[in-house]
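Now for the letters of each chain:
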Amino acid sequence: MDIRTQPLAAPPVAIHRADYVPPSWTVPDIALDFDLDPVRTQVTGRLSVVRQGAGPLRLDGDALVAETVTVDGTPAEWAMEGGQLVIDLVGDAHVVEISVTIAPEANTQLMGLYASDGLLCTQCEAEGFRRIMFFPDRPDVLARYSVRMTADRARYPVLLSNGDHVGSGTLPDGRHYAEWRDPFPKPSYLFALVAGDLAVNRDSFVTGSGKIVELGIWVRAGDLARTDHAMHALKTAMAWDERAYGREYDLGVFNIVAVSDFNFGAMENKGLNIFNSRYILADPDTATDLDYDAIATVVAHEYFHNWSGNRVTCRDWFQLSLKEGFTVFRDQQYSADQGSAAVKRIEDVRVLRAAQFPEDGGPLAHPIRPNSYIEISNFYTATIYNKGAEVIRMLHTMLGEAAFRAGSDLYFDRHDGTAATCEDFIVAMEDASGRDLSRFRLWYSQAGTPRVHAALDHDAPGGRARLRLQQAVPATPGQPHKQAMPMPLRIALFGELSGTKLLPEQTVIFDGAHQEILFEGIGERPMLSINRGFSAPVTIESDRSAAELAFLSAHDDDPFARYEAMQQLMVDTLVEDVATGTADHAAVIAAVKATLADPGLEPAFVAEAVTLPSEAYLGDQMLVVDPQAVTRAWDRLRRALGETLIADWRGTHAGMAAAGHAYTSAGKGMRRLRGVALGYIVASGVEDGPALAAAHFAAADNMTDRQTGLSALAMTASAQRDAAFAAFHARYADNGLVLDKWFQTQALAPRDDTIDVVERLATHPDFVLTNPNRLRSLVGAFAINQRAFHDASGRGYRFLGDMVVTMDRLNPQTAAKLVPPLGRWSRFEPVRSGMMRAELERVLATPGLSKDVFEQVSKSLG
Ligand code: B3K
Ligand code: ZN
């Protein structure tokens, strides 16, 4: 059921960063009383309000009807103005009490208080609290919360909220109550409650200063056995944040609840994190290594928010990257410390390139600190999160670990308990380091991925090399002209003859449109290794030859640069094939063979290095994308690699078989490389490919191998394929998270008939629109499968357009996330481009569109 109350009549208006004004009223304390029921929940809020400026008290509400409103105990005069409840208050301090009734079970938006699988739970970031109680629902109003919940004891035996549990008891008629108090003032977006029949995995953590913290991970009883990995991650994250950032936990309790219907990954509510169950539940039979990694990352990320987000929060939503970029950087550092830092860096860059670069180069491009939005939910983007993290990483690189840490300490000390801005963070970094970051601030205000051109020439007689750098920041919507931005570029030179590094690595701060760097004492022709470790989030353009790239892919001593050289070699080869219809595969094949044979490399790194860049990434490298030409070139190179190196792949596949399911760095790497080898064997077209994949699948004692076998079979047209999918479905029919994999594997299959399969799956009884995980596993996965989504018939576009319209009536936030693949229309050849635009126009013409979808679609049309 759709419970939105205000269908859009006029186009929604944009909110501007420049219009910020501090709140005229603060709310130091709020007491909330919930009489919980899935159909009719009664909520009473008692707000103590204190005047800070002129004007009436304005409280935000969304789909709420005030039933009673009193001021200091007396019924008050009030009015509704554009969704706000407005009360003219005469004095400077009052107590305002308001009662409303809400219907959790009818809440399909999953914002505010909603029902999931028999639980009642909340999601308030960014603006969900206004669907629970009238309140100044903005992050710069910080209140102390007292919460009382009453509910049916049998149905909701567990009642949780933020902070400390301060009381509970039984009531007549089978009901009971619990009271919680959070001593830390917090913005409304961090409020949470959960009621349900939950089992708990309990543990404890002793902080550096000796305080005992009770930890609890709450799940449905049947899932309890799958919570140990998350608990382990939580404890390692708590210890890590003390070590790396000097941050201790501050309450006596830290609870996490897993729910199955959730709009995104997880939520950092103070003392009561609520998680999408896919980022909590794991055991070897049901979760892949990637799931295990993601769980640790997300658990750590939400925990780290306790400081970067909760203790110091955001003044307004334009500052979102203040907490998200910094916290992603912190979780990336944490994960790098748990295993292979090199492989982690490669993975993070792959995500950035797959999600953020296209965003930065398209109609939805925005700076990490945007200037305006229509719907803030649309700004939880790869730019705010992942580019935001890269910007913090550049600060870390430029300032060095010690000064960066001093800046972070100063930031936390200075702004503890307040709502801060990105500017506050930069100033703290400046003050602690003594550095002038004036020009660096451009990274906060300019959108677009800079292109850096690098040309190296050698003056052999003079023994000198000269590196000429040029940068250009492309135009983005609303920002036609850009300034050059300062960026740290880690650079090394290798000798063509000696094969050795000619100078120690240097970190050059490239600031300006052009720069020349001279290197002395360079006797032999040098080869350029640049942006090592991906020190700046930019695109490097250089004219390095296939031979140079092959050399660096084998000998560079920076693992990222080594990976990058191989990727560039593959990209160059594929782009040439797309452009000319043919390409020489020899250099790639030789480089892959050498990498496979190098005993000094860890298997996880090898797996990354020998994997072809995705078809979508290749599309991103072209001026105009012709998806069929990309598919042809990609299939040709993949098959050539498979055929030519078949003995190597078979050897690797057999050699890595002993990994079993141990979740160790080595075990993970072996399983990954074995999976990559299997993919190449199948792609080679050898007759026993399907049988080998089927055996891989059948013999698996863990989900990673099972999923790898299934993905390899998905590429084939074989009886084994159908049998494996049927067996997989039968085995996991009652496990929603694993069924998501069943849908996703089919939607991602690089096959000509994937569009047919996906259309059919959309009518499968297990495909439910109300569960965001299920929706993403089929529709989200399909939309990033370039060859399937861009099927020449245009059916993929229509399918997605239909989904956006249908979903928008249920869950606008999730519907809006489906729009960006259509928004890339201008990058494609004219026929596809026209069909994509037409689909966006059809969506835009739909009556009653949410502002979420309206914003994404209207901006996508340009
Ligand atoms: N802060 C939440 C994201 C909320 C998204 C709201 N649309 C999770 C996180 O980034 O940690
Ligand atoms: Zn976050």
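Basis of the calculations
- Residues numbered from 1 in each chain as written.
- Chains lettered and ligands numbered in written order.
- Predicted model: local features only at pLDDT ≥ 70, side-chain atom pairs only at ≥ 80, totals over all residues.
- Heavy atoms only, no water.
- Near = heavy atom within 4 Å.
- Areas by Shrake-Rupley, 256 points an atom, 1.4 Å probe, with all protein chains shown as cover.
- Helix = DSSP H or I, 4+ residues; strand = E, 2+ residues; numbered from the N terminus.
- Nonpolar A, V, L, I, M, F, W, Y, C, P; charged D, E, K, R; others polar.
- Buried < 20%, exposed > 50% of the residue type's maximum accessible area, 1.4 Å probe, protein only.
- Pairing = 2+ DSSP bridges.
- Axes fitted to C-alpha atoms, helices over the stretch in contact; angles between N-to-C directions.
- Core = buried A, V, L, I, M, F, W, Y, C linked by side-chain atoms within 4.5 Å.
- Domains from an automatic or database assignment.
- Contact = heavy atoms within 4.5 Å.
- Salt bridge = Lys/Arg side-chain N within 4 Å of Asp/Glu carboxyl O.
- Phe/Tyr/Trp six-rings, centres within 6.5 Å; stacked < 30°, edge-to-face > 60°.
- Lys NZ or Arg CZ within 6 Å of the ring centre and 35° of its normal.
- Expected span 1.5 Å × (residues − 1).

Here the focus is the site of ligand 1. Around ligand 1 sit 13 residues in total, of which Glu125, Ala266, Glu268, Glu302 and Tyr385 are the nearest. Calculation on ligand 1 without its partners gives an accessible area of 340 Å², and the protein chains cover 96% of this total. Where the shell around ligand 1 is concerned, the elements lending two or more residues are strand 20 (266-267), helix 2 (289-304) and helix 3 (320-338). Grouping the constituent residues of the shell around ligand 1 by class yields five nonpolar, three polar and five charged.

Okay, the pairing of strand 16 (residues 193-196) next. Burial along strand 16 is two-sided: Leu193 and Ala195 and Val194 and Gly196, pointing in opposite directions, are all buried. With two bridges connecting them, strand 11 (residues 119-123) and strand 16 associate as antiparallel partners. Within strand 16, the residue paired with Cys121 across the bridge is Val194. With four bridges joining them, strand 13 (residues 158-161) and strand 16 adopt antiparallel strand pairing. Among the inter-strand pairings, Val158 is bridged to a residue of strand 16, identified as Gly196.

Strand order in the open sheet formed by eight strands is 6-5-9-3-2-12-15-14, with mixed pairing between adjacent strands. Edge positions in the sheet fall to strand 6 (74-75) and strand 14 (164-171), since each has one partner strand and no second. Two elements, strand 5 (residues 68-71) and strand 6, share two bridges in a ladder whose sense is antiparallel. Opposite Val71, over in strand 6, you have Thr74 as the bridge partner.

Time to look at the sheet that holds strand 31 (residues 539-542). In space, the four strands of this open sheet follow the order 29-26-25-31, with mixed pairing throughout. Each end of this open sheet is capped by a strand with a single partner; those strands are strand 29 (514-520) and strand 31. Within the sheet, the average angular offset between the axes of one strand and its neighbour, ignoring direction, is 25 degrees. When strand 25 (residues 451-459) meets strand 31, the two strands line up parallel, connected through four bridges. Residue pairing in the sheet places Arg451 in a bridge with Thr539 of strand 31.

Bringing the nonpolar core into the picture now. Residues Ile280 and Leu489 are the most contacted members of the largest nonpolar core, which totals 86 residues. Two domains each donate at least three residues to this core, and these are domain 2 (312-445) and domain 3 (451-536). For Leu489, the residues in contact, after removing those within four places along its chain, are Val452, Leu469, Gln506, Thr507, Val508, Phe510, Ile530, Asn531, Ser535, Ala536 and Ile540. Of all hydrophobic cores here, the second largest spans 69 residues; its members include Phe134, Val158, Phe262 and Trp317.

A word on unusual backbone geometry. Looking along the chain, the bond that leaves Glu125 and enters Ala126 is cis, with omega of 0 degrees. One can find Ala126 in the loop between strand 11 and strand 12 (143-152). Of note in this structure, Ala63 is not a glycine but carries a positive phi near 60 degrees. Examined against the element boundaries, Ala63 turns out to sit in the loop between strand 4 (57-60) and strand 5. Residue Ala63 is classed as partly exposed on the basis of its relative accessible area of 29%.

So, on to the environment of Val253. Within the secondary structure, Val253 is located in strand 19 (residues 253-259). Residue class for Val253 comes out buried when judged on its relative accessible area of 13%. Taking the C-alpha atoms as reference points, Val253 and Asp140, 113 residues apart in sequence, are found 25 Å from one another. In this structure Val253 touches Gly163, Asp164, Val213, Glu214 and Gly271, once residues within four positions along its chain are discounted.

With that settled, consider the environment of His16. Relative to the helices and strands, His16 resides in strand 1 (residues 15-16). Overall, His16 belongs to the partly exposed group, its relative accessible area being 39%. Beyond its immediate sequence surroundings of up to four residues, His16 is in contact with Phe318, Asn371 and Ser372.

Scanning the entire structure with this criterion turns up 75 salt bridges. Between Asp250 and Lys270 there is a salt bridge, and its shortest N-O distance comes to 2.7 Å. Taken together, the positions of Asp250 in the loop between helix 1 (228-245) and strand 19 and Lys270 in the loop between strand 20 and strand 21 (272-276) put the pair 20 residues apart, joining distant regions of the chain. With a relative accessible area of 11%, Asp250 lands in the buried category. Residue Glu855 pairs with Lys859 through a salt bridge whose shortest N-O separation is 2.7 Å. Placement of both Glu855 and Lys859 in helix 27 (residues 851-861) is noted, with a separation of four residues, approximately one turn of the helix. Its relative accessible area of 0% is what places Glu855 among the buried residues. Take Lys859: its relative accessible area is 31%, and that puts it in the partly exposed class.

Here the focus is the packing of aromatic side chains. Inspection of every chain in the model, using the stated rule, returns 39 aromatic pairs. On the basis of an interplanar angle of 10 degrees and a centroid distance of 5.9 Å, the ring pair of Phe34 and Phe191 is categorised as stacked. Pair noted here: Phe34 is in strand 2 (residues 25-35) and Phe191 is in the loop between strand 15 (175-186) and strand 16, with a separation of 157 residues, a long-range link. The two residues Phe34 and Phe191 agree in class, both being buried. Summarising the aromatic geometry, the rings of Phe135 and Tyr145 are spaced 6.4 Å apart at their centres and angled 45 degrees between planes, so their arrangement reads as tilted. Placement of the pair is Phe135 in the loop between strand 11 and strand 12 and Tyr145 in strand 12, with a sequence separation of 10 residues. Assessed through its relative accessible area of 0%, Phe135 is described here as buried. In this structure Tyr145 comes out as buried when scored by relative accessible area, which is 1%. Arg247 extends its terminal NZ or CZ atom over the ring of Trp307, reaching a point 4.6 Å from the ring centre. Its end group placed over the ring of Trp825, Arg837 keeps NZ or CZ at 4.5 Å from the ring centre.

Moving on, we come to helix 7 (residues 422-433). Compared with the 16 Å implied by 1.5 Å per residue over 12 residues, the 17 Å span of helix 7 between its first and last C-alpha is a close match. Here helix 7 has its buried residues at Cys422, Phe425, Ile426, Ala428, Met429 and Glu430. Considering only its buried residues, helix 7 is in contact with helix 3, helix 5 (382-399), helix 6 (401-415) and helix 8 (442-445). Note on helix 7: the residue one or two positions beyond its end, Gly434, has a positive phi of about 75 degrees.

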